[in-house]
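# Remarks on the overall topology
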Amino acid sequence: MVPGARGGGTLARAAGPGLLALLLTVCAPLRLQAEELGDGCGHLVTYQDSGTMTSKNYPGTYPNHTVCEKTITVPKGKRLILRLGDLDIESQTCASDYLLFTSSSDQYGPYCGSMTVPRELLLNTSEVTVRFESGSHISGRGFLLTYASSDHPDLITCLERASHYLKTEYSKFCPAGCRDVAGDISGNMVDGYRDTSLLCKAAIHAGIIADELGGQISVLQRKGISRYEGILANGVLSRDGSLSDKRFLFTSNGCSRSLSLDPDGQIRASSSWQSVNESGDQVHWSPGQARLQDQGPSWASGDSSSNHKPREWLEIDLGEKKKITGIRTTGSTQSNFNFYVKSFVMNFKNNNSKWKTYKGIVNNEEKVFQGNSNFRDPVQNNFIPPIVARYVRVVPQTWHQRIALKVELIGCQITQGNDSLVWRKTSQSTSVSSKKEDETITRPVPSEETSPGINITTVAIPLVLLVVLVFAGMGIFAAFRKKKKKGSPYGSAEAQKTDCWKQIKYPFVRHQSAEFTISYDNEKEMTQKLDLITSDMAG
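Just so you know, these numbers come straight off a predicted model, no measurement behind them. (Residues numbered from 1 in each chain as written. Predicted model: local features only at pLDDT ≥ 70, side-chain atom pairs only at ≥ 80, totals over all residues. Heavy atoms only, no water.)

With that settled, the discussion passes to the confidence of the model for the protein chain. Mean pLDDT over the protein chain: 79, with 70% of residues reaching 70 or higher. When the criterion is pLDDT under 50, residues 1–15 qualifies, and its contacts beyond four places in sequence or with other chains add up to 1 contact. Per-residue pLDDT stays below 50 along residues 484–539; that stretch engages in 66 contacts with residues further than four places along the chain or on separate chains. (pLDDT = per-residue confidence, 0-100. Contact = heavy atoms within 4.5 Å.)

Taken in spatial order, the 4 strands make up an open sheet running β3-β8-β5-β6, and their pairing is antiparallel. Unpaired on one side and paired on the other, β3 (67–73) and β6 (107–111) mark the two borders of the sheet. Strand-to-strand twist in this sheet, taken as the mean axis angle between neighbours without regard to direction, amounts to 10 degrees. Alignment of strand β5 (residues 98–102) against strand β8 (residues 127–133), held across 5 bridges, turns out to be antiparallel. Counted as the bridge partner of Thr102 is Thr129 from β8. (Pairing = 2+ DSSP bridges. Helix = DSSP H or I, 4+ residues; strand = E, 2+ residues; numbered from the N terminus. Axes fitted to C-alpha atoms, helices over the stretch in contact; angles between N-to-C directions.)

What is meant by a disulfide is a covalent connection between two cysteines, made through their sulfur atoms. Taken as a whole and assessed by the stated rule, the structure comprises 5 disulfides. In this model Cys41 forms its disulfide with Cys68; the gap between the sulfur atoms is 1.9 Å. Note on the Cys41 and Cys68 pair: the S-S dihedral is about 95 degrees, so by sign convention the disulfide is right-handed. One end of the pair, Cys41, is in strand β1 (residues 41–46); the other, Cys68, is in strand β3, with 27 residues separating them in the sequence. By relative accessible area, Cys41 is classed as buried at 13%. Given a relative accessible area of 0%, Cys68 falls into the buried group. Within the protein chain, bonded cysteines paired by disulfides and numbered along the sequence follow the pattern 1-2, 3-4, 5-7, 6-8, 9-10. (Disulfide = S-S within 2.5 Å. Buried < 20%, exposed > 50% of the residue type's maximum accessible area, 1.4 Å probe, protein only.)

Across soluble globular proteins, you tend to see nonpolar side chains buried next to one another. In this structure, Ile72, Leu80, Leu82, Leu99, Phe101 and Leu145 are the most contacted members of the largest nonpolar core, which totals 28 residues. Setting aside anything within four residues of it in sequence, one finds Phe101 in contact with Leu82, Asp106, Gln107, Tyr108, Tyr111, Leu121, Val128, Thr129, Val130 and Leu145. Counting 27 residues, the second largest nonpolar core, distinct from the first, contains Ala269, Ala290, Leu318 and Tyr358. (Core = buried A, V, L, I, M, F, W, Y, C linked by side-chain atoms within 4.5 Å.)

Okay, the packing of aromatic side chains next. One pass over the structure, following the stated rule, counts 17 aromatic pairs. Their ring planes at 75 degrees and their centres at 6.0 Å tell us that Trp273 and Phe337 sit as a pair that is edge-to-face. Within this pair, whereas Trp273 is found in strand β21 (residues 273–276), its partner Phe337 is found in the loop between β24 (314–330) and β25 (340–349), the two being separated by 64 residues in sequence. Phe337 sits in the partly exposed class, given a relative accessible area of 21%. Through a chain of ring-to-ring contacts, the aromatic side chains of Trp273, Trp285, Phe337 and Phe339 assemble into a single cluster. (Phe/Tyr/Trp six-rings, centres within 6.5 Å; stacked < 30°, edge-to-face > 60°.)

The strand order across the open sheet formed by 5 strands is β1-β2-β9-β4-β7, and the pairing between neighbours is antiparallel. If you trace the sheet from one side to the other, it starts and ends with β1 and β7 (120–122), each paired once. Here the strands of the sheet are splayed against their neighbours by 15 degrees on average, with no regard to which way each runs. With 8 bridges connecting them, strand β4 (residues 80–88) and strand β9 (residues 142–149) associate as antiparallel partners. Note that in β9 the partner of Leu82 across the bridge is Tyr147.

One can find Thr157 in the loop between β9 and β10 (169–174). Once residues lying within four places of it in the same chain are set aside, the contact partners of Thr157 are Arg83, Leu84, Gly85, Leu144, Thr146 and Cys200.

With that settled, the discussion passes to unusual backbone geometry. The amide bond that connects Tyr58 to the next residue, Pro59, takes the cis arrangement and shows omega of 5 degrees. The linkage connecting Gly109 with the following residue, Pro110, adopts the cis geometry, with an omega of 5 degrees. One can find Pro110 in strand β6. Although it is not a glycine, His65 adopts a positive phi angle of roughly 50 degrees. Considering the arrangement of structural elements, one finds His65 in the loop between β2 (50–55) and β3.

With that settled, the discussion passes to the pattern of salt bridges. When the charged atoms of two side chains with opposite charge come close together, those side chains can pair. One pass over the structure, following the stated rule, counts 18 salt bridges. Put simply, Arg83 and Glu160 hold a salt bridge, and the shortest N to O gap is 3.5 Å. Here Arg83 is found in strand β4, whereas its partner Glu160 is found in the loop between β9 and β10, with 77 residues between them in sequence. Like Arg83, the residue Glu160 is buried in the burial classification. Note that Arg390 is salt-bridged to Asp317, the shortest N-O span being 2.7 Å. Residue Arg390 is found in strand β28 (residues 379–400), and its partner Asp317 is found in strand β24; the two are separated by 73 residues along the sequence. Under the relative-accessibility criterion, Asp317 is labelled buried at 15%. Within the structure, one salt-bridge network assembled from shared partners comprises Glu69, Arg131 and Glu133. (Salt bridge = Lys/Arg side-chain N within 4 Å of Asp/Glu carboxyl O.)

Structurally, the position occupied by Asp211 is in the loop between α2 (199–205) and β13 (215–223). Taking the relative accessible area as the measure of exposure, Asp211 reaches 8% and is therefore buried. Placed 164 residues apart in sequence, Asp211 and Tyr47 show a C-alpha to C-alpha distance of 10.0 Å. When near neighbours in sequence (up to four residues on either side) are disregarded, Asp211 contacts Ala176, Gly177, Cys178, Arg179 and Ile204. Looking at Asp211, its side chain comes within polar contact range of the main-chain nitrogen of Cys178, at 3.0 Å. Among the polar contacts made by the side chain of Asp211, one reaches the main-chain amide nitrogen of Arg179 at a distance of 2.8 Å. (Polar contact = N/O pair within 3.5 Å; in protein donor to acceptor, adjacent residues only side chain to side chain.)

What follows is the structure in structure tokens.
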């Protein structure tokens with residue numbers, strides 16, 4: 001026996017209770033920390049009048065001994081609608097595991113176990129506190145909750161699929177925050193989606209709504225197809241799908257056509273790369289090769305370093321101001337050149353204006369778009385709200401090996417209804433009065449390329465003619481007076497009513513019409529209102 005071993009064991013037994021107490025003292029704060037409010041909360045996205053909330057680890061098993069407590073609100077004066085997409089809590093007594101809703105005047109729950117739970121609650125308030133608490137348990141997914149204001153009685157949850165509905169056409173409201181909720185979709189925005197796909201997640205994928213906002217969707221149910229092709233779009237990966245009896249599509253505003261690009265004059269870049277092929281010939285990766293529909297290599301930047309600040313860009317000139325609702329990108333498209341852009345931001349401008357950066361709606365910060373994950377497969381990102389501009393730049397933020405891009409812009413021409421301005425028209429009742437009547441008139445917005453000299457000429461020519469007429473009239477009048485003085489030193493009253501005097505007066509009356517009067521300051525101000533990206537959203 002090792003000397004002192006017995007004594008050491010005696011000492012350990014004597015210190016046992018004290019050591020246990022010490023461990024409990026140390027562990028108690030850790031347990032209290034684990035039970036802090038919010039620790040048991042999972043996915044949470046809220047906007048002004050809708051949102052989504054889940055327990056931690058959903059749809060996996062929620063953790064032991066946690067508390068999730070959050071207060072959700074909608075605008076004052078509105079009623080709050082709660083919809084439970086899923087509730088799976090192990091406890092049958094709601095003693096330690098439960099979900100509870102509490103407002104200033106009412107309490108709903110607690111809910112747990114196998115009890116009957118209302119799928120929708122219409123509250124008489126605009127604010128409620130959600131509390132989810134867990135004790136010791138073995139299984140249970142927890143909960144998934146969506147909410148909206150009473151403006152959206154057709155609210156659905158993130159878990160609802162097209163197969164849940166029998167109508168061939170219907171409209172529903174998707175809450176904010178459905179993009180990252182677990183669940184598959186199959187298909188794409190062109191061919192449609194398999195009817196087993198999650199509705200709201202598919203709407204985000206198709207660019208119908210933004211995840212951070214939610215929104216109304218209009219759905220068309222159609223006969224299924226033999227195969228559904230998946231694509232990464234707006235941060236959602238749709239998968240390839242097999243034959244189904246039914247599929248669904250979304251109705252949209254129709255502004256989703258490919259905007260044609262002229263490679264010779266419309267596309268330029270900060271730099272380009274030249275490589276040497278196996279035959280020893282130089283291959284130029286020029287910006288003119290950046291059109292998605294073209295075969296061959298893409299545009300690639302001349303700088304391949306990955307540790308410098310993003311400064312490379314690809315610029316597209318659309319020739320005129322257009323409405324841009326999205327962009328599709330690929331990498332190099334060449335298997336032996338594994339180049340692609342992983343993330344990027346968008347800049348835009350019009351003639352003689354400064355570059356602006358596209359920003360998010362909710363946080364008003366520079367929006368970084370998810371790019372490609374390989375050199376081959378296209379990725380789509382939609383702009384909600386759209387960009388209205390002539391020039392756009394794709395500015396890569398991160399990339400694999402070397403910046404390489406092919407792009408396709410999606411959008412449409414600006415229509416007469418969208419392209420209007422409001423200006424004040426001077427009252428034609430008198431040319432002296434300063435009173436003006438407000439009148440809204442639809443006019444094409446003047447091109448920013450129009451020379452200022454044209455506007456000056458438009459005003460100057462009538463003024464010159466007017467001055468000529470005035471001097472001509474004065475000369476005629478002087479000659480007439482001189483002739484009359486030979487007979488009488490004073491002009492008679494009848495002389496003021498002669499045809500000659502009327503001919504002098506009428507040109508003044510004719511040229512006092514305010515029909516062509518435009519307030520140029522007001523025109524400049526109203527032109528700014530046409531941009532769908534507001535000044536507070538663009539830097």
